[in-house]
Amino acid sequence: MTQVKSKKLPLTGDQAVATAMKQIDPDVVAAYPITPQTEIVMYFSNYVANGQVSTELIPVESEHSAMSACVGASAAGARTMTATSANGLALMWEIVYIAASLRLPIIMPVVNRALSGPINIHCDHSDTMGARDSGWIQIYCESGQEAYENTILAVRIAEHKDILLPVMICQDGFITSHAVEGVQLLEDKKVKEFVGEYKPDHPLLDVDNPVTYGPLDLQDYYFEHKRQQSEAMKGALKIMPDLFKEFEKAFGAKYDFIDTYKLEDAEIAVVALSSTAGTARSVVDGLRAGGVKAGLLRPRVFRPFPKEKIIGALKNVKALAVLDRAESFSAEGGPLYTEIKAALYDSGIKPLVANYIYGLGGRDIFPDDIKKVYSDLGAALKNKKVSNPINYLGSRE
Amino acid sequence: MANIKELAKIPERLSGGHRLCAGCGASTVVRQVLMGTKDYVVAGSATGCLEVATTIYPFTAWKIPFIHNAFENSAATMSGVETAYRALKKKGKITKEIKFVAFGGDGGCYSDDTDIFTENGFKNIKDIKVGEKIWSVNPETNELELQENEKLHQYPYKGAMIRGKSRFIDFLITPNHNVPIWYKGRWEFIKGIDLIKRYKTAFLRKFYWYGNGIKISDIDIPKIPKYTYQKEFSKFEINKWLRFLGWYISEGCLYKSKSGYLIRIYQSNNDKKEKIYKLLQNLGLSPFKCNRSVDFQSKQIYEYLEKECGKGSKNKRIPKWALALDKGHLRQIFGSLMDGDGSVTKQENRSSYHLRYITASTMLMNDMVELILKLGRNCSVSKKDGIYRIGIDNEYLKHKLYSRRKLYGDKQQVTLENYKGFVYCPQLKKNHTVIIKRNGKISLSGNSYDIGLQSLSGTLERGHRLVYVCYNNEAYMNTGAQRSGATPKGASTTTVPHGKESHGKEQFKKDLTSIVAAHRIPYVAQASASNWNDLVTKSEKAFAADGPAFLNVIATCHRGWRFPQEKSIEISKLAVETGVWPLIEVENGVWRFTYKPKERKPVIEWLKSQGRFSHLFTEENKSVIDEIQKGVDDNWARLENLCNSTCKIA
Amino acid sequence: MAEKKKTWKEIPIGGLILKAGNAMEYKTGGWRTFRPEKNDKKCINCLFCWMYCPDSSIKVEDGKMAGFDYDHCKGCGICAQVCPVKCIDMKKE
């Protein structure tokens, strides 16, 4: 590691992501403010106003136009970024799908917030979970540091010639985005070197080689175009490990599809995304001290779904609880739960699985709540069955 | 005025083989709009007939880069493309001029006393012709180069203009005019109005010139039929010859008499006389010294000089081929020109010298300015009693204009001045900089960068430089002729059909043109493919606008409107002739009709021609026809009022 | 269009169409019921037919009307309507 350790700066998650954007210095940013993403746009627009970035910032009049303009700019050949939350993401929903189908490497930090209604500005994952079928790569970050580093990493993932898919980098609204933590910044020069120059193959602005983006597909071609997107997602699973390694080599920070804590010999485990995992870690330590073989699995990359890694991590676990900070209203539990159960089906391992939907609309989750989950898992192990497969952790019943 | 044969030379941008209906009005509109610029164009389209039928995978009828995104966001999408262009251009990754146009269904000038430096010298801006070559500076290399004038824009203007005035600079420009400034070691363009906001702005006044790259060591002299036993010259060493030409141009005279053809270089100063004598001797011209001159005889050289450099003080000029040489050569001719008619004055208490050149010849004045600019200096010109005085500036690299500082009791250097009259701007193919002269002061300035409802409104408000074309077929035609905000009163559509209780659409159509004009963008117009010259001219203005431009073009749809397919153009002409579709434009807030039929036809002719109105021709619906006529009349009167109240020039 | 359709591996990604203007390969001339024919003697080369054709199917060479692109002409009849000297006839195909 030849990295010179710079001082840690006290930054909020939003500030950290804005700093990442500054260091990336994209060609075009088209963004619309929405709580709790607003600070990202505000800080970045300050950088623009002071000439600290060369970005052309389009102050669009809605998120629909934001993503539309990003599609236009990215197709034109510019490195493009935007950011949003909740209903902003919902408003741009139509174009989000189009961006992925056009294979445009747009990078979008999303600050997770509950979808209306009723209107709620606090953290839950319903927004990005709602977009899980859009064809975007999704990475969930636990801390401001992780959001910062993964925004930079996302540029290489999105622009990789064999991936070419847009990327969402998610962080918890208010919990991560507005809380101050010590963020270790990476060197400007090294970031620039790592992200490199964007070299698109068929930019609109290459007027000597005109291309058409966004044709009409009749029944005879749509399926094949979608098939290509499927393959690209599968391919991303194979390519991303190389990019993780490259990032580690350049900056010393190690990232993988998942993050585990004391999972190797765990009998009971909790699966949770983003900041809740931080709370869970302290609970695991407490339980371990008491002799309980507890562990934690934190998937980071949700799309593409890293089935092999997850199954591999859970191979010794006998009972697990999947925590979902979103309801998919399937009547069968939340989105993470259903995907993990499906992955386990033909994996050869058959642990007991329970779902805990929690934290909707920013409802706090406390260490005691997680302790209860582990004790439920302990009871389930004893009884050899899960008493309640779907639970609502923290709601007043 | 567009010339159809010239337009036919522009390569087609929308090919055949698309699957729009036979007789579709939309594709004709698109073809005509795209004739409005010769520059590269990137087009975008909203979902609709146009997009769907021209890009059925794997075929595309677009021969230019094209993007379709979704239904209501072509303006936002093209905002993104246009911004990416600006971002990448700023970084030098793109150098071409590209125009942007968004197709959807349901955009700086000089005062008239400015002179422009053309290849034939300074000309008043009003007299610049299309195709004329104009001196400009390449902002990427800071080199002087000639660029062709593609078009001279002229508009009536009344209001505040930005005046820049200092010892070296003088210009009077519109607030939106592009001004090239020197910022952080390179050229940048800002708007005229920004000069007032900035405290000080630097202008670079030293440009580069490398000549046309041809190395000459000798110059050939044409032979003439031999006259007596005179010596015949064939070539001279270039630098010596250039020095000689400089002397001739400044101080030389030609005399023809019985005794021969005499070339005389006047000079009273003995040192200089000796210099000239030695030079001529060196050239082998057999000179002889006289009281106030150095003379020699040669018919061949006489005829050469008469042709190349002119005879008589008012006709002197520097040969064009000499001005095309590189700096080293130019210095030779400059040196002796200055030795001749130049004067050097040293200012008291300062170490700087003031160079001045005097001539009675307009051609020579222009040539000297060209020579001075190429040598990396700058100058100013004044004329008194038929004599030009060219003041050559010391080699200042930059000159600053201050907007607020009052220097030594001087007035502010950047001010607002009221102007009423026409403003002009040449449109160069590249560079977008021109050398101007005003009140004798010569400087570099910019020229028009010419170079395509929610989302539209946002795009208009942000000022993106793109053309938005609404190809208006008055319904959601692609999906089966459903009613839209653009559907006219009384029309029957599939979602608001006529019936026992309905005569079709109740409301008058939305006046999109006025809504867009309310955004105060540089150019808004209504057009029809039937009046192709009007449409193409409007398209040219739209592409040339320095900001967003909007064209609302009626596009007939024989399927939705129900008329025979071959009458597409006839029907759109009828819309114009009945006043249903007035041909108007709004240029910087001034409304005007670009065409008025001598007598408006009654609207019933328009209604009779299409099946979508046929249900109106019954006793119970007769009153609707009267309401529609009143609607057309009221709208016409409203437009005439707008024209009168916004008309700036009496 | 009897040619075999390409697989997902053989087409460009993102739905891009890389060959600008390849719609020319799609012969819409087959749509016609009537075909335009010009009386060369009467033609004054005003080029109105070219200006108004929705299918870019009037050929122009050296400022003169040089014929119809029958591969793409859909027989809409606009050219015959707008011709000021009525030198174009729509004949049954």
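## Examining the overall build of chain B
Then, in step 1: Looking only at helices and strands, one finds 18 helices and 32 strands in chain B.
Then, in step 2: Taking the principal axes of the C-alpha coordinates as reference, chain B spans close to 110 × 65 × 50 Å.
Then, in step 3: Within chain B, the fraction of its 650 residues that count as buried is 58%.
Then, in step 4: Total accessible area computed for chain B in this model is approximately 27,100 Å², and 50% of it derives from carbon and sulfur atoms.

## Structural notes on the packing of helix H1 (residues 13-24) of chain A against helix H2 (residues 38-49) of chain A
Two numbers describe a pair of packed helices, the interaxial angle and the distance between the axes.
Residue and element names in this part refer to chain A.
Then, in step 1: Packing of H1 against H2 leaves a shortest axis separation of 8 Å and a crossing angle of 40°. Accordingly, the angle class assigned to the pair H1 and H2 is oblique. The handedness of the crossing between H1 and H2 is right-handed. On H2, the residues touching Asp14, Gln15, Val17, Ala18, Thr19, Met21 and Lys22 of H1 are Glu39, Ile40, Tyr43, Phe44 and Tyr47.
Then, in step 2: Looking at the contact of H1 with H2 residue by residue, the class counts come to 7 nonpolar, 2 polar and 3 charged.

## Looking at the nonpolar core
Then, in step 1: Counting 145 residues, the largest nonpolar core has A:Met67, A:Ile137, A:Ile152 and A:Leu205 as its most contacted members.
Then, in step 2: Per-element accounting of this core gives the leading share, 9 residues, to helix H9 (residues 222-251) of chain A.
Then, in step 3: Apart from residues lying up to four places away in sequence, A:Ile137 is in contact with A:Ile157, A:Ile163, A:Leu165, A:Pro166, A:Val167, A:Met168, A:Met233, A:Ala236, A:Met240, A:Arg303 and A:Pro304.
Then, in step 4: Of all hydrophobic cores here, the second largest spans 65 residues; its members include B:Phe117, B:Trp209, B:Ile276 and B:Phe296.

## Observations regarding the domain arrangement of chain A
Residue and element names in this part refer to chain A.
Then, in step 1: When cut into domains, chain A gives domain 1 (8-251) and domain 2 (258-393).
Then, in step 2: Once you take the C-alpha centre of each, domain 1 and domain 2 turn out to be 28 Å apart.
Then, in step 3: With 27 residues of domain 1 at the contact, the number on the domain 2 side is 25 residues.
Then, in step 4: A combined buried area of about 2,100 Å² lies between domain 1 and domain 2, and 55% of that area is made up of carbon and sulfur atoms.
Then, in step 5: Counting across the domain 1 and domain 2 interface gives 6 salt bridges.
Then, in step 6: Arg132 serves as the salt-bridge partner of Glu339, at 3.8 Å between the closest nitrogen and oxygen.
Then, in step 7: In this structure, the connection of domain 1 to domain 2 is made through 16 residue pairs in polar contact (both at pLDDT 80 or more).

## Quick word on empty space enclosed by the protein
Over the atoms rolls a probe the size of a water molecule, and its path tells where empty space is left.
Residues and elements named next belong to chain C.
Then, in step 1: Within this model, the largest cavity holds a volume of roughly 130 Å³.
Then, in step 2: Surrounding the largest cavity, 17 residues form its lining, Cys53, Pro54, Cys73, Cys76 and Cys79 being those nearest its centre.
Then, in step 3: Among the elements of the structure, helix H1 (48-52) and helix H2 (78-82) are those that each provide at least two residues to the lining of the largest cavity.
Then, in step 4: For the lining of the largest cavity, the residue count by class is 12 nonpolar, 3 polar and 2 charged.

## Looking at the interface of chain A and chain C
Then, in step 1: Taken together, the contact pairs 17 residues of chain A with 13 residues of chain C.
Then, in step 2: Summed over both sides, the interface of chain A with chain C buries roughly 1,500 Å², with 67% coming from carbon and sulfur.
Then, in step 3: On the chain A side of the contact with chain C, A:Thr212, A:Tyr221 and A:Gln228 bury the most area, a combined 31% of that side's loss.
Then, in step 4: Across the contact surface, chain A and chain C share 1 salt bridge.
Then, in step 5: Two residues, C:Lys5 and A:Asp220, come together in a salt bridge whose shortest N-O distance is 3.2 Å.
Then, in step 6: Across the contact surface, chain A and chain C share 5 residue pairs in polar contact (both at pLDDT 80 or more).
Then, in step 7: Contributions of two or more residues to the side of chain A that touches chain C are made by strand E9 (212-213) and H9 of chain A.
Then, in step 8: Each residue belonging to the side of chain A that touches chain C can be placed in one class, and the counts come to 7 nonpolar, 5 polar and 5 charged.

## Some remarks on the environment of B:Ser403
Residues and elements named next belong to chain B.
Then, in step 1: The residue Ser403 is located in the loop between strand E22 (398-402) and strand E23 (414-428) in this model.
Then, in step 2: Under the relative-accessibility criterion, Ser403 is labelled buried at 3%.
Then, in step 3: Here the alpha-carbon distance between Ser403 and Asp194, two residues 209 residues apart in the chain, equals 10.0 Å.
Then, in step 4: Aside from chain neighbours lying at most four places away, what touches Ser403 is Leu195, Ile196, Arg198, Tyr199, Gln412 and Val414.

## Observations regarding the packing of aromatic side chains
Then, in step 1: Across all of its chains, the model carries 31 aromatic pairs over all chains by this definition.
Then, in step 2: An angle of 65° between the planes, with centres 4.7 Å apart, marks the rings of A:Tyr221 and B:Tyr57 as edge-to-face. In this pair, A:Tyr221 is assigned in the loop between E9 and H9 and B:Tyr57 in the loop between helix H3 (49-54) and strand E2 (66-68), connecting two distinct chains.
Then, in step 3: Summarising the aromatic geometry, the rings of B:Phe244 and B:Phe296 are spaced 5.8 Å apart at their centres and angled 55° between planes, so their arrangement reads as tilted. Here B:Phe244, found in helix H6 (residues 238-251), pairs with B:Phe296, found in strand E17 (residues 293-297); they are 52 residues apart in sequence, far enough to count as distant.
Then, in step 4: Taken together through their ring pairs, the aromatic side chains of B:Phe233, B:Phe236, B:Trp241, B:Phe244, B:Phe296 and B:Tyr304 make up a single cluster.
Then, in step 5: Cation over ring: A:Arg156 sits above A:Phe194, and NZ or CZ is 5.0 Å from the ring centre.

## Examining the sheet that holds strand E29 (residues 523-528) of chain B
Then, in step 1: Spatially, E9(A)-E2(B)-E1(B)-E3(B)-E26(B)-E30(B)-E29(B)-E31(B)-E32(B) is the arrangement adopted by the 9 strands of the open sheet, whose pairing is mixed. Here the strands that pair on one side only, and so sit at the sheet edges, are E9 of chain A together with strand E32 (590-595) of chain B.
Then, in step 2: In this fold helix H14 (residues 532-544) of chain B packs onto strand E3 (98-104), strand E26 (467-472), E29, strand E30 (549-554), strand E31 (583-587) and E32 of chain B, with an angle of close to 160° to the strand it touches most, E29(B).

## Details of the interface of chain B and chain A
Then, in step 1: Counting from both sides, the interface comprises 44 residues of chain B and, opposite them, 42 residues of chain A.
Then, in step 2: Across the interface of chain B and chain A, roughly 3,300 Å² is buried in total on both sides, 62% from carbon and sulfur atoms.
Then, in step 3: Between the two partners, chain B and chain A, sit 6 salt bridges.
Then, in step 4: In this structure, the salt-bridge partner of B:Lys96 is A:Asp208, at a minimum N-O distance of 2.9 Å.
Then, in step 5: Along the contact surface separating chain B from chain A lie 16 residue pairs in polar contact (both at pLDDT 80 or more).
Then, in step 6: Broken down by secondary-structure element, the contributors of at least two residues to the side of chain B that touches chain A are strand E1 (40-45), H3, E2, helix H4 (74-90), E3 and helix H12 (454-462) of chain B.
Then, in step 7: The class makeup of the residues in the side of chain B that touches chain A is 22 nonpolar, 13 polar and 9 charged.

## A look at the pairing of E32(B)
Residue and element names in this part refer to chain B.
Then, in step 1: Both E31 and E32 contribute to a ladder of 5 bridges, which runs antiparallel. If you follow Glu585 over to E32, its bridge partner there is Arg592.
Then, in step 2: Hairpin remark: E31 followed by E32, antiparallel, with 2 residues in the connecting loop; positive phi at Asn588, about 50°.

## Section: helix H18 (residues 622-646) of chain B
Residues and elements named next belong to chain B.
Then, in step 1: For H18, spanning 25 residues, the distance from its first C-alpha to its last is 37 Å, which sits close to the expected 36 Å at 1.5 Å a residue.
Then, in step 2: Regarding H18, the residues found buried are Val624, Ile625, Ile628, Gln629, Val632, Trp636, Leu639, Cys643 and Thr646.
Then, in step 3: Contacts from the buried residues of H18 go to strand E28 (502-503), E31, E32 and helix H17 (603-608).

## Some points on the sheet that holds strand E14 (residues 252-257) of chain B
Residues and elements named next belong to chain B.
Then, in step 1: An order of E14-E15-E17-E16 is seen for the 4 strands of this open sheet, with the pairing classed as antiparallel. Because the sheet does not close on itself, it has two edges, and the strands there are E14 and strand E16 (288-289).
Then, in step 2: With 6 bridges connecting them, E14 and strand E15 (residues 260-266) associate as antiparallel partners. Looking across to E15, one finds that Tyr255 is bridged to Leu262.
Then, in step 3: The strands that helix H7 (residues 270-283) touches are E15, E16 and E17; relative to E17, the one it contacts most, it runs at about 20°.

Cut-offs and rules
Residues numbered from 1 in each chain as written. Chains lettered and ligands numbered in written order. Predicted model: local features only at pLDDT ≥ 70, side-chain atom pairs only at ≥ 80, totals over all residues. Heavy atoms only, no water. Helix = DSSP H or I, 4+ residues; strand = E, 2+ residues; numbered from the N terminus. Buried < 20%, exposed > 50% of the residue type's maximum accessible area, 1.4 Å probe, protein only. Areas by Shrake-Rupley, 256 points an atom, 1.4 Å probe, with all protein chains shown as cover. Axes fitted to C-alpha atoms, helices over the stretch in contact; angles between N-to-C directions. Parallel < 35°, antiparallel > 145°, perpendicular 65-115°, else oblique. Left-handed = near helix turned anticlockwise from the far one by under 90°. Contact = heavy atoms within 4.5 Å. Nonpolar A, V, L, I, M, F, W, Y, C, P; charged D, E, K, R; others polar. Core = buried A, V, L, I, M, F, W, Y, C linked by side-chain atoms within 4.5 Å. Domains from an automatic or database assignment. Buried area = accessible area lost by both parts, 1.4 Å probe. Salt bridge = Lys/Arg side-chain N within 4 Å of Asp/Glu carboxyl O. Polar contact = N/O pair within 3.5 Å; in protein donor to acceptor, adjacent residues only side chain to side chain. 1 Å grid on protein atoms, 1.4 Å probe; cavity = no way out; pocket = protein on both sides within 12 Å on 5 of 7 lines; lining within 4 Å. Points joined across faces, edges and corners; volume = space filled by probe spheres on them. Phe/Tyr/Trp six-rings, centres within 6.5 Å; stacked < 30°, edge-to-face > 60°. Lys NZ or Arg CZ within 6 Å of the ring centre and 35° of its normal. Pairing = 2+ DSSP bridges. Expected span 1.5 Å × (residues − 1).

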